[in-house]
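# Structural overview for review
Listed below, chain by chain, are the residues.
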Amino acid sequence: MTGEGLSSIILTLVTFIPLAGAALLLFVPNRERDIRVFSLVISLLAFVLSVHLPVHLQRAQAGFQYEVNVPWIPTPNIHYHMGVDGISMWLLVLTTFLTPLCVLISWKSIHERVKEFFILLLILETALIGVFVSLDLFLFYFFWEATLIPMALLIGMFGHGRRVYAAVKFFLYTMIASAFMLAAILWLYAKTGSFDFTTIQNLARTGNIEGFTLAAPWLFVGFFIAFAVKVPLFPFHTWLPDAHVEAPTAGVLLKMGTYGMLRFNLGLFPDQSRANAGWISVLALIGIIYGALVALVQPNMKKLIAYSSISHLGFVVLGIFSFTPAGLDGATFVMLAHGVSTGALFMLAGILYERRHTYEISEFGGLATPMPVYAALFLFIVLSSLGLPLLNGFIGEFLVLSGAFRARALYGILGATGVIWSACYLLWMYQRVFFGKVTHAVNQELPDLDLRERITLWPTAAAALVMGVAPLVWLNAIDPAVQSALAPFTQMASKLVGK
Amino acid sequence: MLVPLVILAVLSIVGGWIGIPGSMGGSNHFDKFLAPVFHTSTPSLNTQHATPGEVAPPEKQTEGPEPQTSRATELLFTGISVFAALLGFVMAAIFYYLRPELPDEIAHALGGFYHAVLNKYYVDELYSILFVKPVVDGSRRILWHGVDQSVIDATLDDSADGARHISDTLRHMQSGNIRSYAGWVAAGAAAVIAYMVWMGAR
């Protein structure tokens, strides 16, 4: 029975435990070790609680679960409305899974303003989870913008080199784009008197919003721009390499964009999604190929990973706008797989940075000799990221490509080249960093992974493997959500045929 | 190096049995590995919303029937590959164990051809000139430095700088000088009146 009781408050708990932890952290004495341990405990607690969600999810049932819906502010009509389906639930678990690892990996690399760092990290976690669970557009927008503040501060305070430039760039880019979404949300509120996602969705589907057909193209673009910048979709991507090089930890941030497209662009504007799918898919394909080609020539390891994210997230967008079950299942799976693999790649790059204070690939070479365990784990993650069968990257990309192929054969073919490119840039990078003779004497004595670093990396490697061999655990929950997201599209198709 | 080789040799004996052909009483355990992934995403679309000419055709069609190869074909291919492996084994034994001087003699006899083979017919070099270099240079010069930095990023940086410069210029209007404010108000009023008079005169 406690299970049921917990189910009604679980989302609130998981969302706000990190924030509460951040608040408590203010009162923890300023001893670095205590702060780190406390943050770890809090983030682990959030993770353990979030595991409740997939365990007790009614998999056969479509629609939102664990819902909470209470009035928050009477005028304007804002509700505290939260709930998850199979898609957002896994993104939530991804967030809570990665945060403790972020805490662990920053254990030593952060030694100035330690308390500020962990407070910001925990606030960021709350905001990210909030984005995935909000079903009230105002609440969603609140969390959406709330991620900006800790993220910009993290980049600006704990980045390296041009960190303030990167922070301001990140902030301006995403803030300006979000303004379009706010305008769209306010229009919807003005016409419907509600911020509630399901209410607006029902009104829109039954054609009960005045002037909706005229405004829908603009509303679609308003939402889309905010998400496209966050994804980031070509040509809105140039904040990412700067921000990610400077950010000490980069996690789930990008999935906010693709999640938004899936939930709001497809959910509220199916007709417009259909109408705009052409150029969006082209942008996604440009992102896949262009991102990979630019990643190929990056001299900086972290920039390379950042550009590879642009390429991988292109797959997600391509899958979403294929409007096929395989495409959407795959898109969601790529989001999760990319979160795990790229998160791990960033941690691995960070480990090297801690030792050598540089990300330049040319500064390394032959690292497999002094750091064999590190090299083996790095290779494992590289293989998972480039989509080796039996590891997590493969499943998602394969599903996306089969979906894209069905939507339009050319998309599938062009997208498939992205898989080849990702093998090129990742394996070439790996070769230059790890193989051959040790080229810089200073690298000769680099220590291999210590226990803390192994504990941080093993879960990501394990997740990459388990997701690769047992993808159904994830897809069983994702698929019903995808089917209900696609319901209006199949109806549209039958309408077209029925004429 | 010996120990890892021994481990691999032992494992290769075990590994070979997993995919043993049907003609020898085995079956392929891996070819249906991904099938359940697709089964999750098909049924409801195909059965519930199925309509003629639907955008997404049933995914099952892509699978097709399991390819059936005859016993004879399977045995033939098995035989060929075993023969190829044995041939390699025998040649290696001759060249490196029984008659170690033979490889050098052959190399001499072949001359230039030997070098072409040694360098894999220079395919790597050709490939590098034809594909690798253009892709890497093109990505660096055109896509990264050209498009990414000089076009997209420069546009954004310039627009951010532009906003700052315009504000920097405009802020000088806020001088705190009352007479200058009065002057601007008078000038603005004059402009409005002039506009109205001109519009009225038309």
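Just so you know, these numbers come straight off a predicted model, no measurement behind them.

## Observations regarding the overall build of chain A
When helices and strands are counted, chain A shows 19 helices and 2 strands. Scaling as 2.2 N^0.38, a compact globule of 499 residues should have a C-alpha radius of gyration of about 23 Å, and chain A matches this with 22 Å. Burial statistics for chain A: of 499 residues in total, 59% are counted as buried.

## A closer look at helix H16 (residues 392–407) of chain A
With 16 residues, H16 of chain A should cover 22 Å at 1.5 Å per step; its first-to-last C-alpha distance of 24 Å lies within 8% of that length. Within H16 of chain A, 16 of the 16 residues are buried, which leaves it mostly tucked inside the rest of the structure.

## Let's talk about the nonpolar core
Residues and elements named next belong to chain A. Formed by 187 residues in total, the largest nonpolar core has its most connected members in Trp90, Leu92, Val317 and Leu318. Element by element, the count of residues in this core is highest for helix H14 (residues 325–356), at 17 residues. If we skip the residues at most four places from it in the chain, Leu92 touches Val14, Ser50, Leu53, Val84, Ile129, Phe132 and Val133.

## Focus on unusual backbone geometry
The linkage connecting Thr75 of chain A with the following residue, Pro76 of chain A, adopts the cis geometry, with an omega of -10°. Structurally, Pro76 of chain A is set in the loop between strand E1 (65–73) and strand E2 (78–84). In this chain, Phe234 of chain A is followed by Pro235 of chain A through a cis amide linkage whose omega measures 0°. With respect to the element layout, Pro235 of chain A can be found in the loop between helix H9 (212–230) and helix H10 (239–246). Despite not being glycine, Tyr121 of chain B shows a phi value in the positive range, around 55°. Tracing the backbone through its elements, the reader meets Tyr121 of chain B in the loop between helix H6 (112–118) and helix H7 (123–170). Using a count of 11 C-beta atoms within 10 Å as the deciding quantity, one classes Tyr121 of chain B as exposed. Of note in the backbone geometry, Tyr122 of chain B takes a positive phi value of approximately 60° without being a glycine.

## Examining the domain arrangement of chain B
For chain B, the assigned domains are domain 1 (72–118) and domain 2 (119–171). If you average the C-alpha positions of domain 1 of chain B and of domain 2 of chain B, the two centres end up 48 Å apart.

## What to know about the confidence of the model for chain B
Low-pLDDT stretches of the model should not have their predicted coordinates read in fine detail. Residues and elements named next belong to chain B. Mean pLDDT for chain B: 79, with 80% of residues reaching 70 or above. Within chain B, helix H8 (residues 178–201) carries the highest mean pLDDT (92), whereas helix H3 (residues 43–48) carries the lowest (41). Scored below 50 in pLDDT, residues 42–64 makes 22 contacts in the model with residues more than four places away or belonging to other chains. Two summary scores accompany this predicted model of the complex, namely pTM at 0.86 and ipTM at 0.77.

## Section: the packing of helix H3 (residues 86–109) of chain A against helix H18 (residues 451–469) of chain A
When two helices pack together, their arrangement is captured by the angle between the axes and the distance separating the axes. Residue and element names in this part refer to chain A. Viewed as axis vectors pointing N to C, H3 and H18 meet at an angle of 155°, and their least axial separation amounts to 9 Å. Between H3 and H18, the angle is such that the two are roughly antiparallel. Note that H3 runs across H18; the crossing there is left-handed. Contacts between H3 and H18 involve Leu101, Leu104, Ile105 and Trp107 from the former and Arg452, Ile455, Thr456, Pro459 and Thr460 from the latter.

## With respect to the pairing of E2 of chain A
All names here are of chain A. Of all the 7 residues making up E2, 5 are buried; the element is thus mostly covered by neighbouring parts of the structure. Pairing between E1 and E2: 6 bridges, direction antiparallel. Residue Val70 lies in a different strand from E2, and its bridge partner there is Tyr80. Connecting E1 to the antiparallel partner E2 that follows it, the hairpin turn spans 4 residues.

Conventions adopted
- Residues numbered from 1 in each chain as written.
- Chains lettered and ligands numbered in written order.
- Predicted model: local features only at pLDDT ≥ 70, side-chain atom pairs only at ≥ 80, totals over all residues.
- Helix = DSSP H or I, 4+ residues; strand = E, 2+ residues; numbered from the N terminus.
- Rg over C-alpha atoms; globule rule 2.2 N^0.38 Å.
- Buried ≥ 20, exposed ≤ 12 C-beta atoms within 10 Å, placed from the backbone.
- Expected span 1.5 Å × (residues − 1).
- Core = buried A, V, L, I, M, F, W, Y, C linked by C-beta atoms within 7 Å.
- Contact = placed C-beta atoms within 7 Å.
- Domains from an automatic or database assignment.
- pLDDT = per-residue confidence, 0-100.
- Axes fitted to C-alpha atoms, helices over the stretch in contact; angles between N-to-C directions.
- Parallel < 35°, antiparallel > 145°, perpendicular 65-115°, else oblique.
- Left-handed = near helix turned anticlockwise from the far one by under 90°.
- Pairing = 2+ DSSP bridges.

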